[in-house]
Every structure is written in C-alpha cells, then in structure tokens.
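# Observations on the three-dimensional arrangement
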Amino acid sequence: MIPASRRRLGPPLLTSAITTLLPSLLLTIATTTTTASAAAAQTSDSPAADTRTTATASYPAVKALLKERCFACHGSLKQEAQLRLDTVAAMQTGGSDGPAITPGNALTSHLFQRVSSSDPAIRMPPEGRPLEPAQLQLLEAWLNAGSTPTASDLPEPDPLAHWAFQPPSRQPGFSSIDDFVSAKLVASKLTPLPPADKQTLLRRACIDLIGLPPTPQELSDFLNNPAPDAFPQAVNRLLDDPRYGERWARHWMDVWRYADWYGRRHVPDVWNSAPQIWRWRDWIVHSLNKDHGYDRMLQEMLAADEFRPGDDQAAAATGYLIRNWYALNPNDWMRNIVEHTGKAFLGLTFNCAHCHDHKYDPIAQTDYFRFRAFFEPLYIRQDQWPGQADPGPFQDYDYGKLRTIQRLGIVRVFDKHPDAPTWFYTGGDERNRQADRGSVTPGLPAFLNPTNRFTPQPIQLPVPAFYPAMRPALLASKRTELQQIEQTARDLLANTPEPGADPALHSALDAATAAFSDAAAAARNSGTPGALAGLQSLHLTANSGRRILQHRLTAIPTITQGTQLRFQLLLLQNAHVNFQLAKDVVKGLTAGYIAFDNNNIITWAPGSVTDTTVARFDFDGGQRHFEIQLNFDPAADRCLLTVHTLPSHTVLADQLPVALSGWNPATQANQAISIDARTGSAALIDDLHIVGPDGQELYSCDFESPAFAAGSDATGSAGWEVSAFSTPGGISIVSATAANPALLTPWQQLAAAQAAMDLQRLPHRTAAAKLAAAIARTAAWEAQLSADTTRLHSDTTAAAGSNLLSLNATAVTLQVQADLLTAEADLLTAELNLASAQSLPADNADRSKQLETATASIATARSAAEQARGAFTSATATHSLKPLGPEYPRTSTGRRKALAEWITDRQNPLTARVAANYVWLHHFHAPLVSTVTDFGRNGAPPTHPELLDWLAVELMESGWSIKHLHRLILNSSTWQRASATTNPQLLAAAASDPENRLLWKMNTGRMEAEVVRDSLLYVAGKLDPTVGGQELENSDALTTFRRSLYYAVYPEQGGRSPLGELFDAPDPLDCYRRTSSIVPQQALALTNSDLVHTVSSAVTVQILGSTPDLTPDAFIRQAFLSILSRRPRTQELELCREFLQQDTPEASRLSLVKALLSHHDFITVH
Amino acid sequence: MTSQPPPSTCFRRRALLSDLGMGFTGLALGAMLAEDGMASETEPVAKSNSPLPPAGQQHHTAQADSVIWIFLSGGYSHIETFDPKPALNKYAGLTFDKTPFENPVNSPLHKKRFRSVAAEEINVRDVYPIIYPMQVGWRPRGDSGIEMTDWWPHLAQQVDELCFVRNMWTTDNDHAAENQIHTGRHRLDEQQPSIGAWAHYGLGTLNENLPKFVVLGGPTRSDTRLSIDSLYLGPQHAGVPIALDPANPLPFGKRQAQQTFQQQQREYELIGRLNQLSAVDYPTDQKLLARIRAYELAFRMQVAVPSAIDFTQETQHTRQLYGLDQDNTKIAGERLLAARRLVEQGVRFIQVFPSPYGVWDSHQKLKDNHTRLCATVDLPVAGLIRDLRQRGLLNRTLVVFCTEFGRTPGLEQRSGGVDGRDHHPNGFTIWMAGAGTKRGYVHGATDELGYHALGEGHYVTDLHATTLHLLGLDNRQLHFPGRKRLEIDDGSVIHDVLT
C-alpha cells in the first residue's frame, strides 16, 4: 500500500529537475527496467535475433550479479578451481571442471547447474543465501539466449593495480588545489561561483578552524584590514589559536573512536575504555596545537611506549588502544583494535577477513590474524602521576567484582606477554580455535609490504619505562613532597617552644593522684574494688552497636590435653556477652563459644554449631560476677566448661562439654580468642590465663599498667585488636573504676589534672617527634632510592652484589626507624588530641565526640607503634627491602613500533590519502572519497584522484603537517567560493552537477552538535575557556559552560548531552562520518531550553550594554552582527523592526535574539 | 519572483513556495519532507547495487499500521508462563541423564545457541543439570485449548487472540540478550540498529506531529540504550522516550514559563519569515527548506504530544480495563493505555517496558517473583488486547510480547540456590496478536524438558522479519547504503504464524 502522500511523487513530477535532485531514485527505475526486460526475455516467444539482442542487453545485469556473488572467488582476486567468471570468454574457457557455460543452453551449463542446485553441498555460492528466483531467471534467460557478451567485455582489473594501493605521487603540471579543480570544471564546461563575501569567508574560516563564530570586533577588524594578505593572516591567527586544537581534536576523536569509560555506568562498573582516558583527549588537543606530525601522532597512539619509552605525555596517546579495552573478553579488545586501526588509519576493512578471506581486497583470513598478532602481547597498566596518590595496580576482571572508577594516575599500554600466541579461529568465534595450525606471527598483507621491510625488533626499555616509580618527574615530585613535610615540621617546632616547669600543675596532679589512690585503696579494703583483679580491667560497653575485641595466640604452643583457660567476667548490663575460641577472625568463623545471654549460659555442643542453653543465672538476684574455666580435651575435640559465681562460688556449670572444632591458635594465624559485647551489654573482663597441663603459664593478661593505660582503648595494646565485625557504638577501654562507680569522680579529677599537664607538655614533644619522623622518612626514602637504583643498574658481579646487600640493609633499617618515629609521632598527636578534648568544659557539645575520636585514634596509633617497635627490635635481615613500585617487563617486542613505522612510511599508499580525505571532508562537508573507511576495491572512487594524491604528498612532504593542509585548502579559490547564487545563468549552467561533485561552489554545512552548543555560549560571552581535564557529566551540560569537547562521550544512556542527542553527537562505537539531521526536536531545544533562554538574555544585555535606550534599528543590527556575523538586509531590518513593536521592548528583544539563534544562518556554515 | 513575506500569521506553505519561485524543486522536496517530517544532510554513500531506503514505500501490502512491542526485562520463565512442561514434574530432582530423553546439554545445539560474553578463560557459566519442577499449575484455555499457566487469569481469557512462538532462541547467555532481541546481534558482534529504528527508517509517518518511534517506560539503565538506538541509520530514527506526564512529556517539549502561547507563536512566525528571506539568497538550499518545515512541525508537536498521552479523555470503564485503579497494575496499565492512544494517533512503533529493568530475572525465589510480576501485567495486557479489538484497531495493530531469553529447566545452584532458574538462551516463548497473525495458535515447541527450541527454531531476527513483513517491509531489502547486513540480521519471516 502506498500512502496517499507518496502519490504526489508520481510520474507527472518526474521531470529532470527532480531526477537531478534525486539521482538515486533514477537508479531504482533503471534497475526495475532491467529486471522487467529480463522477465520479458524469459517469457518472450520472439525470434532468435531479437532474443540475442535481448541477451546482449541483459549481460550488464548478469555481470553485475556475477560480480556481487561470484567474482570474489572466480575473478581477478581468486580463481578457485582455476575458474574466472569475469568475461564470457573466461566462462567458455572454464576451469578445472571444464567450460562453465554452454552457449544457448542454460540447463547444460555448469554455471547454471551449480547456482541452481538444490543440494547445498553442490550449490554455489557456498556462503550466503542461494540466488533469488529472479536472479536465476535472469541468468537462465541470458544463457538460453546465447550468452552473448556486450562489445567491451573487459576482465576485472588486477587487484594489485587498484588506485589506492599505488604510492601517491604528484601529477606533473599541477601545483595547487585550484589547478586540479579548475581542470575538471573546464572539462565539464562549468563556471564556478565567484568568491564569497568577506564576512561569510571569515565566519566560515572561524567555524572551520576553531569551532566558534567571529566576534563583532574580529569581524570589523578583518573587514577594515586593507592588506592583500588579510585573509591568510586571519588563517594563521586561527591556526595559532589554542582553540584550534580543541576544535580539530573532536574531528579526530570521531575517527579514533574516543569514548570515556563505560560498561555499566549506572552501577557503576567499568568494562570498556578507562576512567583516565581523558589524558589521551588532552594529548590530541596538545599534539594538534603543536602541529606534531600526523605520522608522529599515529606512532604514539600505537606505540608511544616503544617509540618514546620514557615519555609520560606521549604514553597517554596509547589511550587509543585502551579505548577498545573490554574487561570481559580480550578477544573483543583485539577485534576492535584490528577493525578500527584498519579503518581509521588505512581505510582498509580488515574486519571483513575476521570470518573469511576478504571478498574484494587481497586480504586473506590469515592476514587478519597476522595483523592482530602485532597487538597480542598488549596489556594495560596505570602509573602514578606526579603529585597524585598511587592508583595501585590496574584492576583485572573478576566475575562478581565491580571494576571501580579509578581517577588517579595515567593509563597506558605495555607488552606484558611477549610470547602470547595468536590463534587462528574460524567463523569469527574464538571458540573455534585452530590450535593445530600453531600460533600466527605478526605480519602485513603481502600486497602492501612486498619487500617485507618491517620486522619487529625487541626493544630494551630504559628504567623509568619498566619501573615507573623511577620516573624523574615522579621522583622530583616525591622529593618535593618530603621536603615540604620536613619544612612544615620545622616551622611547627620553631613555633612550639618547650614549656617551662609549672609547679601549680605538678602539685595539682600530685594531689589528684594521691586522692585517687586513697579512694581506690579504701574501695578495695571495703570489698568494692574498681576492677576485678588488680587495679584495672577490660571494660566493654555496647549501648549501641557491637564491640568485639580479639587476640591472636600464635606465640603459645599447641593446645594439649589438660590445658586450661580461665578468666573473670562481671556483667554490668545483662544482654549478650560471649567469649569465643575463634576459628577464623577474618572470615568471622567460630570454633567454640560461651555466651551469657539474658540469664542463659549458651554454648555449642561438640560437633554442633547450634546454640544450646546449658545453664541459667539470675542477674537481678545478684549473680553478675563469674569465673569461667575451659579445660581442653583436644583428643575428643572438645573442652569442658565450668562456671561459678563470685564471690559465693555457686557452681552454674560443671565440666560441660563444649565444641572445640580443632581450634589450635598456635599454628593458625587467624585463630584467636575473642570477647563480644552485643547491643545493650556492658561487662568487665580480667584475669585471663591459659595454663599448660604442667601448670606453666602459656598466656596471661591482667590489663594492668603500663601495658594498658587506664582510660584508653585496649585496642593496639599487648596484641589486642578490634574485630572487623564490630559495629560503631561499642567501646573497649581499660578501666580502673567501672566495677565501682563511686570511684569515677576522683578518677575524672585525676584525668583532668593529667590532661592539663599533657596539654602543656605535649605540643612541643609532638612537634619534635614529627620533625624527627619527617627527617627519618626523607633519609629512608633516599636510602631506598639509592638501593633500588643500584639494584636496577647492577650487573651480577659479586662486588655489586655485596654493595647492594649493604645498601639494602641500610635502607631497611632507615625505613623501620622512620616507621617507628612516625608511629610515635602519631601516638603523641593522638594523645595531645585526647588531652585537649579532656580539657574542654563538660558541657561543651563537641566534647564527647572529640573524646571518642581521640580515643579511637590513640588505639590505632598505639597498634601501629607496637608493630613498628616489634619490627625495629627484630633483626634487619628478616626484612626485605620494599621496592618503590611495581616492575614490568624490561623489553618490549617492538611489534607495534614496526607496524606504526610501516603505517607512516612514505611508501605506504593509504595512510596519507586517508588522512587528507578527512581534512578535506571537514572543510568541504563532503569527502573526496565518500567511503572514508574503505579505500579498497569495494570503496567509492575519488571524485578528484589526482588532487587527493597531491594532498597526500603535500601532507607527507611537509613533515605530515596537518596545519599545512589547512593553509593549502583555506587559501584556495576552491574553498573561498560562494556557496550560493541567485544568478539564474550560473544556476542553469551548473544544473549538470547539482551535487557539486566538481566543486563549482562551496558546500554549506550544519554546525556539529558541539559547535552549536559552544557557539550559543560564545556569542553570549558565557563559554568557559578552561582547557583539559577529567570528563564532565552530560547532565551538567546545560548548566555548566565548558567547551562541549570536555563532556562525557560513551555509548550508553547519558553518553551524550541533551543537545548532543538532538544534534547528531558522535556515536562512539563508530563515527567515521557524522550524520547531520534536521528534526523538529532541534527546533524545540533551540526555542524552549533553559540554556537558550540564558544565552538569549545574556546576548540581549550585552547588546544593550550601557545604552538601554538603543534604537530598535541599532539593536537589530548589533544582534545580527553578534549572532549571524553579518548586517541585516533591508527586508530583514523591516521585519524585525515590525516585530519589536508587537510586544514590550524587553519581551520582544529577547524573542528577537532567540529567533536569530534559531535562524538557519546561525546553525549553518555558508 | 517576489520575496514579500506572507501577510497572515499562519504559515502558508504553498503560497510561500510559489512566491519564492522554487518551482518543481521546492515542491518535490516539500512533498518529501511532508512525508518524512525531516531530512538528512548526509547523502548516503550511493553505490550501484545498493538498495535505497524506502522512506515510506512499502515493499508489499502491509497488514499492520503500527506495532506495540511489549518487552519484559530480565527473562521470564517460558516454562512457568506459556510453555508448560509436565516432564519436569515427573523427573523433578533427577539429572538430565537420568531421564529417558537425550541429555540436552550434549546436543550440538547447546554450543550453537549458547555463547558466553566473558571469555571462556575468564568465566564459564555453569549448566545446571538437576531438573526443577514447575512452580505453578496449568491447563488448557479458551476454545483453542492452548495451555497456559495459572498466573495469567486475565490473559487466559484472550488466549484465542494470541499466537505463540514456542521455539525462539537467542545466543547471549547474559542480559545483553536484552539488546540482542532488539538488535539481532550478540554483544560480542558489531552492534546493529534496533528493530524499532528499522521500522522507523523504512516507513513514512502516519502523523507528522508525533515522533514515529516512541518508547514508554524505558530505557531505565544506561546499558539498555542499544535496545532503542538507531546507530548508523542516524539519530533521527532512534526511539524517543516519552514520559507519561502531560505537563512535560518530551525533552524541551515545554515552552519557557515566562512566554505566552501567543508570544511563542509570534517568535516561531518570525523565525519562519527570517528563514524565508534567506531562501531568497539560497534558492536551491534543501536544508533551509527542511529547517523551515522542522520549525512548523516542532510547534505542532509541542501541542500534539501532551494531548496524545492525556488520559482525562478516557472513560472510567477503559481505565479499569487497564487496571489504572489498582496499585499493582497501574504502571503497566498507564504505559499500555498510552500505547493504544499513540496507535490511534498513527505512531508506527511503540516500545513498551511495562516492568522495571531486570525484574523478571529469577535466579532465586522464582515462584514469588513470577507470582507477583505476572499479577502486575496480566490484567493490563489482557485489557490492551480487548480494548484494541473493541475499537477495531487490533486488525491493523501488531502486538508483540517478548523477553530476552527463557530460564533453565534445571535448578540454579549458584550461591547455594534452591528455588530459581538461570538464564537460558536455548529456548523461549513469545507471542503476537493482531494484524495478520493467526488467532489462538501455537507455532513451534521446545523439547520435552523445555531445553532446546525444536527444529531450526527461530533466532530473534525471525521475529524482526515477521514484524517488518506485517508492516509491509522486506527485511532483506531494508538495507542502509554502505552498510553490510549479514544473513542473520535479515532473519526469515515465520510464515506459519501468518493468516
């Protein structure tokens, strides 16, 4: 059914005007006609002569069919079974199976038999669908009619003779773009349009080169510049403008498939590309501005690590390879690299040879894998960036783990597996690996490298390349950082003099100490001590959260029969407190277990992991204080539990069996004892002993001073650690008062006196300790650097070896020393914080929060200090030197370097042509070769082949200078022509080339999405000129005003800005040529968006400036200049003047500005 | 030739064109634009043997004017919905090799239809061999006696309108299969435009004031974009997500608060007139004409879209039919009712996501999930079918109801699972209704265990080919110049389901 509206395009309208507009439509008609005549031939009973004529007439269609389905194997590219089908003569000659055709008889023709067979084993072509019935009819009719060729039945040309496979050269007698274009125009008798007017020219150049329209001032300067070279001057100015790099980076980013990280952005989970990839984008901008050669850019993108191994800036270029990274499947990474390196740099569709030999170009399937082999050793690493923290190692894919967004450092490639095999597989499916063929070695298709000049040579890398911690910039930055820390510590110490003695503080402390001692002694004597045994106990409280304290016991011998563990427990609040023989403190597994839970004593029976109540106690009746004994019976894998109350010695449990589950902390580092207070509980623990069968004390802990400081968290003291299963709210301090609240007041007074003393003394001590730590840290780092440098540069001689040993020993000693001093300084800092918190008035709202924080950090610092002390006391020899950073392979295969050298070689026929075609495309809105990624035999021929060659040679011989090409193009008459004329004679004369293939005029083009947004902001003076940096989110693209280049690009939802969605922002999966649509939603965006509203208001304010009473005409003129870079025409002025009268001045001015921003002339480059 | 702007406040297009003296060129282009509502500047890379974009020219007589494509994200169990398997109850708890049937895991079909996204050396997804019984009862329904499970009480009453395809298969074993059923390609292959984009590309519009390819309820996650994307066809063919908020349904679809309707109308008129004046200097500029046209359309679209989704014009009876009065059916009901209204307005392709992303995924607690989820869509979908039929729309509207894959007949044991099924690309069920499909019909089957789609089965692009066929398009001719489509992209029409 044809929709009614379609019928308007019926035959009466098919005049020449339309057919020239729609040449493609003509094509359909032509095809239809051919098919119709073929059908006629089939059914016709006409005489033989007529039949023959018909056969000749249908041969072009037959040949087109054979070309499409058969030539790939039976033409000039390949001759399967020695058969060619590209001429009738060749068909008659036939191949190893004899002649392919029998003139006049389709049914006996081999060709027809094979293509029409119903047996898939016999039927040709072997791949793809069988020929359609209509195609078979065509062929049959032609064969039956005598299989007559047309007069010139030429064979397919030799593939090697294809134009794009010949090195480009200059055609003699031509020395400019205009020479080539004029020659064609003259030959076609076409008169080119005159040059565009100066204002159009400047706007065209500005948008082409920097992606922004000229300001009214720039426009007026240019119009008033009488110099004959005013325009070349302007071009040079624009090429020197750093915004040139931003503009053209976006073009090349399309071709090189720039994408910020993606995968599962909503999670987020990084699967593709990398979060630091923006450094590659900044490298592109920089390289273009510096006019680094196109050859150098390609070399660095493919192999900066091999061409410039020490150069971080260049290493960012390998983002080109990382962009294709796919965490889940390395084959996919390789597939994308091969496909897009072929397309982007060479205009070759290597990807077609992934599954089968190329159908058009001499690229065998093996060549595909040989090309992949250049990249096979690749992997990615992330190096620390000077002045930033270390990002750590690049995260590998692990099923079930998110790949996090790492913003630090630089990502770059390196050859990780020099011997990684490249396997040949079939059907494009890596599961069909042909391992028996052996691995494929890197290489180029023979037709492009006949002399086989480019063989990979392994590259010995310099130290900073394989050992990135040793990069000079990083070392310098680290050294500066250490010096700054040291200087800060010096300044602090200078400003913190040592306090003199303060007798008042001393005597206050003495008095408070005495008062507390007296109170404690009195309490003990009256049977109500502040602690369970001795002066202090461990006090766990969990008014909210949960506190678990644990202690590993690797220092005790294996638990033997008859070993006993015992301790005292006092419940202050009755909820749930348990003691565990922990099976694995990291995983949170339990071996044995005794819980005091709301008057129940609960354990696990041997062999069980289920709670069983084995006894009860009466908390409210006064049963709060217990002694617990566990007698170990490892032979039966159990222990026997005895609990009795104190002081009455009521036995609650007597030798009850409890699960031991193989608990043996001597040999298992993650086994431990642990004490767990759950929400609502408070308890004291003390007097903990493990005693061997012979009565020997294996372990004991009494929580007494000096190992445990009263009032401090026990964590970090004498081996106690807090469990990862604790939750905030619980605390575990060492207390001298908890069992007797009456002692609290003298204790607090003592603590306050101590804090006052500390507060006076600690600042100086802390400052001194910090300086000592800083000095030691610098010394340790220098020693480490020295030892590491020697290691990296040393050979294997004994002298060097012993020197290295001694350097190592020094470095280790200094490192341990620095760790200890740092820990001690941290501890002092924490104590100072605690003292200052304690000195706050009791009603200070922050006090308890500060106390809590300070107590926690003391615990951490104490734990670190204890470790450092332990390390310091053990022998230096047991510590090996920590390297400065990771080390990577010391050689690179040189494969990618060889590939890049070939790609950028003067003799490579494709690279420069492909590049010149892109440059041309962006200046003329149409390329010379319309298939920009396919310069092969199936691609489109160039409209101006000699011109393309000349540009390619100019590019190469100017040192691959892209700016040189811009100058050649912009200063040509061809580029400077007007894009339209109202002159009917000129229009009529050009009717034969409505698509402007011969360049008799300039093409118009629509601003790209980025240029639309940037220009809107720019004319309003709102565009933020900040250059470079991490990508910005598209959700902010309407409210923040950086250049569009800097907003994220990725192929998921949210990967384009709201304006980009509508104005054809690039598809980051594949955007060699952008589409440029005109849809109603664009109009809505340009009239309704907040952004345009903001911009319009700003433009209005700008125009009015300090003259709010500007006349309507002056306002209109200025608005046209600002937005459209031209003066209004008379009729436009009249129209706008009339418009301004229809509403209030404010509303109508704003509306007028908006209308101009929606004007076709704003969004169009004329 | 005169360049005076037309005096009236409305655009007089024809007068304008003749005023500007554009003759045939302008008219022809105008006619083209009128149909398409837009134009593309990039001329396709024309090659002698490339077919042309049909742009409204159907290849054969269409039976459907519009498609409502309902997609349930996460993968519903074919077994517990539309393909009951008594053998699973009979052999529950046994491994596949203990049944009288051929062990389906050993079939060559397994490798053909099961491809892991992650490289094999990184991750091999488990195959679960212990048979898990059906979690719901089933019985024959309607005059056709087609078996459905008991979770579809309302849809069961419409079963005689439905046409099931029980031997679908796909290859992606993870949720990128959601893209695959829309694009036809496995995640590791080069991505292709979605089915909606092809329909959009291939067909002229029936109402130029509305987008032609509308998306309701999606995409809700960043990585589902591919399911509505148009890629190389150009962004003008991508699905346009519409929010069911008449106040602001379309991006930028609402004029600035400080501007009145009349003010904006004057502004659009000024834009039009200014562009017409430029046309004097650029008499052959097609893009300029396209832009003038785009602004006219934009102004109308701004009014048409909110009205298309304004439910206040619907009766109480209709609202109940779609379950708008019940909390658990309201969301799906609103999206499906909006879909019907858009069909009435001539929108070509409406892609509806009635459930949130991924919710049908039932690795665990399948019974709970499916009981709850079926109840959210059963009534509204049944209501849609009834409503379309009552209004005489069903015979020109194709309804497709699908998901990304089925679920394993075996019990998923990962992470100690005891009550769910894993992803299963090897066989699943979809159904269609209306517009030239058979009524009350079942095409194809899976094996006794519900494991493999029997026979050649139907890869997802067969569903594309069938859908496009009903729209009057031939997938094989619907190519984009310069882009190679493979045989798997074309698929084959499932002729057996057609009347």
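Throughout this document, residue positions are counted from 1 along each chain, in the order its sequence is written. Chain A is the first chain written and ligand 1 is the first ligand written, with later ones labelled in order. For this predicted model, a pLDDT threshold of at least 70 governs which residues receive local features, and a threshold of 80 or more governs which side-chain atom pairs are given and counted, while totals over whole chains, interfaces and linings are taken from all residues. Hydrogen atoms and water are omitted, and side-chain values are computed over all heavy atoms in the structure.

On to the overall build of chain B. For chain B, the helix and strand inventory stands at 14 helices and 14 strands. Burial here depends on accessible area, computed with a 1.4 Å probe over protein chains only, as a share of the maximum for the residue type. Under 20% is buried, over 50% is exposed, and the range in between is partly exposed. The proportion of buried residues among the 499 residues of chain B is 64%. Relative to all contacts within chain B whose residues are 6 or more apart in sequence, the contacts with residues 24 or more apart total 79%. All accessibility values rest on the Shrake-Rupley procedure with a 1.4 Å probe; residue burial counts only the protein chains present in the view. Counting every atom, chain B has about 17,100 Å² of accessible surface; 51% of that belongs to carbon and sulfur. Going along the chain from the N terminus, every DSSP run of H or I of four or more residues is numbered as a helix, and every run of E of two or more is numbered as a strand. Any pair of residues with heavy atoms lying within 4.5 Å of one another is described as a contacting pair.

A separate point is the overall build of chain A. Across its full length, chain A holds 37 helices and 24 strands. The C-alpha atoms of chain A give 42 Å as radius of gyration, which overshoots the globular expectation for 1166 residues (32 Å, by more than 25%). Taking the principal axes of its C-alpha atoms as reference, chain A extends roughly 135 × 90 × 75 Å. By the burial criterion, 54% of the 1166 residues in chain A qualify as buried. Computation of the radius of gyration draws on C-alpha atoms alone. For the globule rule, the value is 2.2 Å times the number of residues to the power 0.38.

Take the nonpolar core next. In this text, buried Ala, Val, Leu, Ile, Met, Phe, Trp, Tyr and Cys residues form a nonpolar core when linked through side-chain atoms within 4.5 Å. In this structure, Trp252, Trp256, Phe345 and Phe375 of chain A together with Trp152 and Trp431 of chain B are the most contacted members of the largest nonpolar core, which totals 248 residues. Apart from residues no more than four positions distant in its own chain, phenylalanine 375 of chain A is found in contact with Leu302, Leu321, Met334, Ile337, Thr341, Arg896 and Leu899 of chain A. Within the second largest apolar cluster, 47 residues are counted, among which are Ile556, Leu565, Ala653 and Ile690 of chain A.

The next subject is the environment of threonine 1075 of chain A. Here threonine 1075 of chain A is to be found in the loop between helix H31 (1058-1062) and strand S23 (1077-1078). The exposure class of threonine 1075 of chain A is partly exposed, given its relative accessible area of 22%.

Working definition: a ring pair exists when centres of Phe, Tyr or Trp rings (six-membered ring for Trp) sit within 6.5 Å. Plane angles under 30 degrees give stacked, over 60 give edge-to-face, the rest tilted. Applying the stated criterion across every chain yields a total of 56 aromatic pairs over all chains. For the pair phenylalanine 596 of chain A and phenylalanine 626 of chain A, a centre-to-centre distance of 5.0 Å together with 35° between the ring planes defines the contact as tilted. Linking phenylalanine 596 of chain A in strand S10 (residues 589-597) with phenylalanine 626 of chain A in strand S13 (residues 625-633), this pair joins segments that are 30 residues apart in sequence. You can call phenylalanine 596 of chain A buried: its relative accessible area is 3%. On the numbers, 4.7 Å between centres and 5° between planes, the contact of phenylalanine 401 of chain B with tryptophan 431 of chain B is stacked. Taken together, the residues phenylalanine 401 of chain B in strand S9 (residues 397-403) and tryptophan 431 of chain B in strand S12 (residues 428-433) connect sequence positions 30 residues apart. Each member of the pair, phenylalanine 401 of chain B together with tryptophan 431 of chain B, is buried. Here, a charge over a ring is recorded when the distance from Lys NZ or Arg CZ to the ring centre is within 6 Å and its angle to the ring normal is within 35 degrees. Over the ring of phenylalanine 414 of chain A we find arginine 381 of chain A; its NZ or CZ atom is 5.6 Å from the centre of that ring.

Residue and element names in this part refer to chain A. Axis geometry follows a simple rule: fit a line to the C-alpha atoms, using only the stretch in contact for helices, then measure angles between N-to-C directions, giving values from 0 to 180 degrees. Interhelical geometry of helix H33 (residues 1090-1104) versus helix H34 (residues 1112-1124) gives an angle of 125° and a closest axis separation of 10 Å. What the angle tells us is that H33 and H34 run oblique. The element H33 and its partner H34 pack so that their crossing is right-handed. Packed against H33, whose contacting residues are Val1099, Thr1100, Ile1103 and Leu1104, the element H34 presents Phe1115, Gln1118, Ala1119, Ser1122 and Ile1123 at the interface. Note on residue classes: Ala, Val, Leu, Ile, Met, Phe, Trp, Tyr, Cys and Pro are nonpolar, Asp, Glu, Lys and Arg are charged, and everything else, Gly too, is polar. Partitioning the contact of H33 with H34 into residue classes produces six nonpolar, three polar and no charged. Note that the term roughly parallel is reserved for angles under 35 degrees, roughly antiparallel for angles over 145, roughly perpendicular for angles of 65 to 115, and oblique for everything else. Should the near helix be turned anticlockwise from the far one by less than a right angle, the crossing is termed left-handed; should it be turned clockwise, right-handed.

Moving on: helix H11 (residues 243-255) of chain A. Residue and element names in this part refer to chain A. A rise of 1.5 Å per residue sets the reference length of H11, with its 13 residues, at 18 Å; its end C-alpha atoms lie 19 Å apart and thus fit the reference within 8%. Taken across its 13 residues, H11 has twelve buried, putting it largely inside the fold. A positive phi of about 60° marks arginine 257, the residue just after H11. Multiplying one less than the number of residues by 1.5 Å gives the expected span of a helix.

Now for the sheet that holds strand S11 (residues 600-604) of chain A. Sheets are built from strands paired through backbone hydrogen bonds, the pairs being either parallel or antiparallel. Residues and elements named next belong to chain A. In this scheme, strands are said to pair when DSSP sees at least two bridges between them. Taken together, seven strands build an open sheet; the order of strands is S12-S11-S10-S9-S16-S7-S19 and the sheet is antiparallel. Taken across any chain shown, the strands that pair with only one partner, and hence form the sheet edges, are strand S12 (611-616) and strand S19 (720-722). Strand after strand, the sheet turns through a mean of 25° between neighbouring axes, direction not considered. Examined bridge by bridge, S11 and S12 share five bridges and lie antiparallel to one another. When the sheet's bridge partners are listed, tryptophan 604 is paired in S12 with aspartate 611.

The salt bridge criterion pairs a side-chain nitrogen of Lys or Arg with a carboxyl oxygen of Asp or Glu, the two atoms within 4 Å. Under the counting rule described, the total for this entry stands at 91 salt bridges over all chains. Here aspartate 676 of chain A ties to arginine 678 of chain A by a salt bridge, and the two come within 3.3 Å at their closest N and O atoms. Look at arginine 678 of chain A and you get partly exposed, because its relative accessible area is 29%. The salt bridge involving aspartate 819 of chain A is made with arginine 777 of chain A; its shortest N-O contact spans 3.1 Å. Residue aspartate 819 of chain A is found in helix H22 (residues 798-838), and its partner arginine 777 of chain A is found in helix H21 (residues 744-793); the two are separated by 42 residues along the sequence. When its relative accessible area of 39% is taken as the criterion, aspartate 819 of chain A is described as partly exposed. Bridged by salt links that share partners, the residues Glu314, Arg340, Arg341, Glu344, Asp387 and Arg391 of chain B form one connected network.

Moving on to the confidence of the model for chain A. pLDDT is a residue-level measure of predictor confidence that goes from 0 to 100. Averaged over all residues, the pLDDT of chain A equals 89, while 94% of them reach at least 70. Across residues 1-49 of chain A the pLDDT falls below 50, and counting only partners more than four positions away or on other chains, this stretch makes 45 contacts in the model.

Let us look at the confidence of the model for chain B. With 88% of its residues at a pLDDT of 70 or more, chain B has an overall mean of 85. Two numbers describe this predicted complex: its pTM, 0.80, and its ipTM, 0.79.

Our next topic: the environment of methionine 301 of chain B. Looking at the element boundaries, methionine 301 of chain B is found in helix H9 (residues 286-308). What makes methionine 301 of chain B buried here is its relative accessible area of 3%. Taking C-alpha positions, methionine 301 of chain B is 9.6 Å from leucine 250 of chain B, a pair spaced 51 residues apart along the chain. Dropping the residues within four chain positions of it, methionine 301 of chain B is found in contact with Pro1080, Gln1081 and Leu1084 of chain A together with Asn209, Leu210, Pro211, Leu250 and Pro306 of chain B.

Attention now goes to helix H27 (residues 962-970) of chain A. All names here are of chain A. Listed as buried for H27 are Ile962, Lys963, Leu965, His966, Ile969 and Leu970. One face of H27 carries all of its buried residues, which in axial projection span an arc of 155°. For this analysis, a polar contact is any N or O atom pair within 3.5 Å, provided that within protein one partner can donate a hydrogen and the other can accept it, and provided that sequence-adjacent residues contribute only side-chain to side-chain pairs. Near the N-terminus of H27, the side chain that reaches the backbone nitrogen of lysine 963, with its oxygen 3.5 Å away, is that of serine 961. This arc describes the spread of directions from the helix axis toward the C-beta atoms.

Turning our eyes to something else, we now look at the pairing of strand S8 (residues 564-573) of chain A. All names here are of chain A. Most of S8 is tucked away, with seven of its ten residues classed as buried. Relative to S13, S8 runs antiparallel, the two sharing seven bridges. Across the sheet, leucine 570 pairs through a bridge with histidine 625, a residue of S13. Taken together, the eight bridges between S8 and strand S17 (residues 681-691) define a ladder with antiparallel strand orientation. Within S17, the residue paired with glutamine 568 across the bridge is aspartate 686.

What follows concerns the state of the cysteines. In this description, the term disulfide denotes a pair of cysteine sulfurs within 2.5 Å. Applying the stated criterion across every chain yields a total of zero disulfides over all chains. For the unlinked cysteine cysteine 352 of chain A, the closest cysteine sulfur is that of cysteine 355 of chain A, found at 9.1 Å.

We now examine the pairing of strand S5 (residues 162-169) of chain B. Residue and element names in this part refer to chain B. Counted residue by residue, S5 has eight buried out of eight residues, so it is predominantly covered. With five bridges joining them, S5 and S12 adopt antiparallel strand pairing. In the strand pairing of S12, leucine 162 is matched with alanine 433. Pairing analysis gives three bridges linking S5 to strand S13 (residues 441-443), with the strands arranged parallel. Note that in S13 the partner of valine 165 across the bridge is histidine 443. Two strands pair when backbone bridges link them, and S5 and strand S14 (residues 458-459) are joined in this way by two bridges, in the parallel orientation. Following the sheet pairing, tryptophan 169 is matched in S14 by tyrosine 459.

A few words on the side chain of aspartate 490 of chain B. Take aspartate 490 of chain B: it is sitting in helix H14 (residues 487-490). In this structure the side chain of aspartate 490 of chain B is engaged in a polar contact, spanning 3.1 Å, whose partner is the side chain of arginine 129 of chain A. When neighbours within four sequence positions are excluded, aspartate 490 of chain B is seen to be in contact with Arg129 of chain A together with Thr461, Ala465, Asn475, Arg476, His479 and Arg485 of chain B.

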